[in-house]
2 protein chains.
Amino acid sequence: MKFFNVKSVEETIQIINQHIHPIRETVVLPIDEALGFVLAEDVASGEAVPGFARSTVDGYAVKAKDTFGSSESLPGFLQVSGEIKMGEEARGILMDGEAMYIPTGGMLPAGSDAVVMIEHCENLDGLLNVYHQVAPGENVIRKGEDVQEGASLLVRGTRLRPQELGILAAVGITEITVYRKIRAGYISTGDEVVPYHTKQLAVGQVRDINQMTISSLIREKGGEVLFGGIVNDRYDDFLEKAQEMYGKVDFLVMSGGSSVGTLDFTTEVIGSLGKPGILIHGVSIKPGKPTIFAVADGKPVFGLPGHPASAMVIFKLFGELILQRLSGEKSSNFPNRIQARVSKNLPSDPGRSDYIRVRLESREGEWWANPVLGKSGLISTMVMSDGMLEISSEKEGVLEGEWVPVILFR
Amino acid sequence: MKFFNVKSVEETIQIINQHIHPIRETVVLPIDEALGFVLAEDVASGEAVPGFARSTVDGYAVKAKDTFGSSESLPGFLQVSGEIKMGEEARGILMDGEAMYIPTGGMLPAGSDAVVMIEHCENLDGLLNVYHQVAPGENVIRKGEDVQEGASLLVRGTRLRPQELGILAAVGITEITVYRKIRAGYISTGDEVVPYHTKQLAVGQVRDINQMTISSLIREKGGEVLFGGIVNDRYDDFLEKAQEMYGKVDFLVMSGGSSVGTLDFTTEVIGSLGKPGILIHGVSIKPGKPTIFAVADGKPVFGLPGHPASAMVIFKLFGELILQRLSGEKSSNFPNRIQARVSKNLPSDPGRSDYIRVRLESREGEWWANPVLGKSGLISTMVMSDGMLEISSEKEGVLEGEWVPVILFR
């Protein structure tokens, strides 16, 4: 099998990063429907959070200086001049030598700058015995300590997690502009491939596994999937379907075509969709060498190998990156890979990146990666695995006990 | 503040595991809607995958023994007796001394037991020159090598990932029985708490952040949320709302009530819902000590601290575990925690577990955890964080460079 533009894994990632740009079409959503979407605007806060100084404990609001020197053996004495109610404005001003009862979350009265914990004082008929000194600001969240008025809250390109929605709620922002979901098209190819709901296979046929696995991977990453069906190994049918789908989606994925003849016309179809055309024809990787990546008039087109497990490995590595680039999400430093120790020696050819399916096991707080055996095409090996360990192209293998990166299957 | 049944983190986990049992109510779903659901039945395969021996390469199907001794310098010679077509039954039987062309994925003809790669032979007008010997089974996936007929495919309690859906598709199973989604009820409490869509706060009020964060965490874990609103710090209102919600859901969560008075009646309300009642009243943890866990007639009831960040930390640690127990998912060995090296010394009180928010940074392939500063109540610290590192209760802190477990915020 001849590949005319074979790239390393690192080069493939670089080419994707260079050529794929965010879609940047936006929708406005209420924040309680925005979980997982990518923010399309910078957001600043119109107000301070909290909007007033709050106590973090149950106790007495005081002037810190009035407690200086107070201790168990030499308590200080303050006059209890009132009580703060939750959710209400603190009325009255705290004068020198005074204290006011305050519950957790209550608003500090004017004049006070600290709170003595209730465990550290004793109210004797309005005379507060203070057994512990406090510093200014102690047991207090200052006005604006969480969010300052006018401060940048969130930046464009942030994927919205529960806490980002929480901080928007905190400042009363109830609607935001996000990037719309990415629409990916998916086509299976192969004369032997039949719809997965086929009850009885004829001899020589296999059901379409890749439709299910690749569609699910796209949905897991927040994308929508348009399924174009299975096209047979006929050039005209394939070209027609590819062109039709290409017009409807942001990203076209197809799988199959690992035999020479099929691969040849898959290449021709992908190459004919637009400029600049095929950028990668073969990746020096195992499994998944027969991978094709093209850009046609700004849209990515991705040809996956036909073997179900290889197709998943390649999609995890590169397809998810393409989806992230299209989504407008700024590169995150969130690990989809962890470090684990490999449980046995594994050889590898230098010049090629190897991805070995593994089952993870926790041993005394360390993750160990146990290789799962079986040929690279078998979907059952994916079912048995928690992730795949990476042996990068410059290595000749890894040794038992060595720390290796493992890309997680969620 | 008095807690009458304080438990360690480890004890809390043990109590949850002991007292929470799966809901086990099922629904039948088509597999393309089942991503993320938990399988409610063991699934066996009615057929073998693949249903026939397949070639993994383009080449010639042969009897391996006919190639023994073949090499570049001393090729073997075989008669080309036919061609296998993709997706069709291989007709005819391969006789001694014969070879048939076969594409990747094609069905091996009867009589053959291996495939010679096309790169290792040459067809000269029907006479195949073979330059490489092959062993029996070489370049072949045997019938049933991926899945054997009658074999166990998936077991009850498996959360369905793309690959599990793929293997179901492979054997033609299009519908499966899964456990229904968990319905969680959520109530906010506090006189100072107002709905997050409140435009203008009165002095002393704060918006309801926890509704947004906790609901989102529940949804992320595949649960449904019923929001019961905000109840004020009045015992009767609170009791009535809690009883009403408790009847409608599988799991009741409430937050707020960190001041002594509020905590007292939150405790009373939670304790009154059913037997055995409150099992945990206080966890020796920072942040989040004022955590309450009860079981009322088999249903978990969970009282979170009021501070938004503390509520999230506690829900990540224990609420997600409760949801997983209810969901029927068998315990997974999938890491929601990774190992990372801490970037500075952190002290900790022994006897208490500490959870420190961190930002992760990749340095030469290792994850480093940089502590995020700020008081534990601040939601902004959660926004700045990728996860939280754990200092378990027996430790007095961690040293710069030490490997620590980090629980990831997705």
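Position labels on residues start from 1 in each chain and follow its written sequence. Throughout, the order in which chains and ligands are written sets their labels, letters from A for the former and numbers from 1 for the latter. At least 70 in pLDDT is required for a residue's local features to be given in this predicted model, at least 80 for side-chain atom pairs to be given and counted, and no such filter applies to totals for whole chains, interfaces and linings, which use all residues. Only hydrogens and water are set aside when side-chain values are computed; all heavy atoms of the structure are taken into account.

- As annotated in an unreviewed UniProt entry, chain A carries the name Molybdopterin molybdenumtransferase and is attributed to Ferviditalea candida.
- UniProt positions are given in the numbering used here, feature names are shortened, and annotations may be inferred rather than shown by experiment. In UniProt, chain A has this text filed under Cofactor (unreviewed entry): "Mg(2+)".

## Topic: the overall build of chain A
Now for step 1: Helix and strand definitions here come from DSSP, where helices need a minimum of 4 consecutive H or I residues and strands a minimum of 2 consecutive E residues; each element is numbered from the N-terminal end. A tally of helices and strands in chain A yields 7 helices and 28 strands.
Now for step 2: Radius of gyration here is computed from C-alpha atoms only, and the compact-globule reference equals 2.2 Å multiplied by the residue count raised to the power 0.38. In terms of overall dimensions, chain A is more spread out than a globule: its C-alpha atoms have a radius of gyration of 31 Å, far above the 22 Å expected for 410 residues.
Now for step 3: Think of it in three bands: residues with accessible area under 20% of the maximum for their type are buried, residues over 50% are exposed, and the middle band is partly exposed, with areas taken using a 1.4 Å probe on protein chains only. The proportion of buried residues among the 410 residues of chain A is 58%.
Now for step 4: Here a residue-residue contact requires only that any non-hydrogen atoms of the pair lie within 4.5 Å. Within chain A, contacts between residues separated by at least 24 positions form 71% of all contacts whose residues are at least 6 apart in sequence.
Now for step 5: Surface accessibility of chain A: about 16,400 Å² in total, with carbon and sulfur atoms responsible for 49%. The Shrake-Rupley method, run with a 1.4 Å probe sphere, supplies the accessible areas, and residue values consider only the shown protein chains as cover.

## Some points on the relation of the copies chain B and chain A
Now for step 1: A least-squares superposition brings the copies together, and it is based on the C-alpha atoms of residues with pLDDT no lower than 70 in both. Structural alignment of chain B on chain A gives an RMSD of 0.1 Å, achieved by rotating through 180° and translating 0.1 Å along the axis. The transformation relating the two chain copies, once decomposed into turn and shift, fits a two-fold axis. Rotation axis and chain B: the residue whose C-alpha lies nearest the axis is Ile338(B), separated from it by 3.2 Å.
Now for step 2: When the interface residues of chain B are mapped onto chain A, 100% of them are again interface residues, pointing to one common binding face.

## Re the interface of chain B and chain A
Quoted interface sizes are often the accessible area lost when the parts come together.
Now for step 1: Of the residues lining the interface, 80 residues belong to chain B; the matching set on chain A comes to 81 residues.
Now for step 2: Joining two parts hides part of their accessible area as seen by a 1.4 Å probe, and the buried area is that hidden amount summed over both. Across the chain B to chain A interface the summed buried area is about 7,500 Å²; carbon plus sulfur atoms make up 61%.
Now for step 3: Put simply, a salt bridge is a Lys or Arg side-chain nitrogen that is within 4 Å of an Asp or Glu carboxyl oxygen. For the pair chain B and chain A, the number of links is 6 salt bridges.
Now for step 4: N or O atoms closer than or at 3.5 Å make up a polar contact, with two conditions inside protein: a donor-capable atom paired with an acceptor-capable one, and, for residues adjacent in sequence, both atoms drawn from side chains. Summed over the shared surface of chain B and chain A, the number is 22 residue pairs in polar contact (both at pLDDT 80 or more).
Now for step 5: For the side of chain B that touches chain A, the element with the highest residue contribution is helix α2 (residues 162-170) of chain B, accounting for 8 residues.
Now for step 6: Class assignment of the residues belonging to the side of chain B that touches chain A gives a composition of 36 nonpolar, 21 polar and 23 charged. By the convention adopted, Pro, Cys, Tyr, Trp, Phe, Met, Ile, Leu, Val and Ala count as nonpolar, Lys, Arg, Asp and Glu as charged, and the other residues, Gly among them, as polar.

## As for empty space enclosed by the protein
Now for step 1: Think of a 1 Å grid over just the protein atoms. A cavity is a set of points where a 1.4 Å probe fits yet cannot get out, a pocket is an open set with protein on both sides within 12 Å along at least five of seven lines, and lining residues have an atom within 4 Å of a point. Grid points are joined across faces, edges and corners, and a volume is the space filled by probe spheres set on the points. Enumeration over the complete set of coordinates arrives at 3 cavities of 30 Å³ or more.
Now for step 2: Considering only enclosed or pocket space, the largest cavity measures out at about 510 Å³ in volume.
Now for step 3: Surrounding the largest cavity, 38 residues form its lining, Arg54(A), Glu192(B), Val206(B), Gly306(B) and Pro308(B) being those nearest its centre.
Now for step 4: Where the lining of the largest cavity is concerned, the elements lending two or more residues are β13 (183-189), β15 (206-207) and α3 (209-220) of chain B.

## Some points on the pattern of salt bridges
Now for step 1: Evaluation of the coordinates by the stated rule reveals 44 salt bridges over all chains.
Now for step 2: Measuring nitrogen to oxygen at the nearest pair gives 2.8 Å for the salt bridge that ties Glu47(B) to Arg207(A). Remark: Arg207(A) occurs in strand β15 (residues 206-207) and Glu47(B) occurs in the loop between β2 (43-44) and β3 (54-55); the pair is interchain, linking two chains.
Now for step 3: A salt bridge links Arg359(A) to Asp386(A); its shortest N-O distance comes to 3.9 Å. Residue Arg359(A) is located in strand β24 (residues 353-363), and its partner Asp386(A) is located in the loop between α7 (379-383) and β26 (387-391); the two are separated by 27 residues in the primary sequence.

## Some words on the packing of aromatic side chains
Now for step 1: Centres within 6.5 Å are what make two rings of Phe, Tyr or Trp a pair, Trp counting through its six-membered ring; a difference in plane orientation under 30 degrees is then read as stacked, over 60 as edge-to-face, and the rest as tilted. Summed over the entire model, instances satisfying the criterion amount to 13 aromatic pairs over all chains.
Now for step 2: Consider the rings of Tyr60(A) and Tyr101(A), whose centres lie 5.6 Å apart with planes at 75°: the pair is edge-to-face. You can see Tyr60(A) sitting in strand β4 (residues 59-62) and its partner Tyr101(A) sitting in strand β6 (residues 98-102), a full 41 residues away along the chain.
Now for step 3: Assessed through its relative accessible area of 7%, Tyr60(A) is described here as buried.
Now for step 4: Relative to Phe302(B), the ring of Phe293(B) lies with its centre 6.3 Å away and its plane at 75°, an arrangement referred to as edge-to-face. No difference in accessibility class separates Phe293(B) from Phe302(B), as the two residues are buried.
Now for step 5: Cluster of aromatic residues (ring-pair linked, three or more members): Tyr235(A), Phe238(A) and Phe265(A).
Now for step 6: Should the NZ of a Lys or the CZ of an Arg lie within 6 Å of a ring centre and within 35 degrees of the ring normal, that charge is described as sitting over the ring. Seen from the ring of Tyr246(B), Lys299(B) lies directly overhead, with NZ or CZ sitting 4.8 Å from the centre.
Now for step 7: The aromatic ring of Trp368(B) is capped on one face by Arg363(B), whose charged end is 4.2 Å from the ring centroid.

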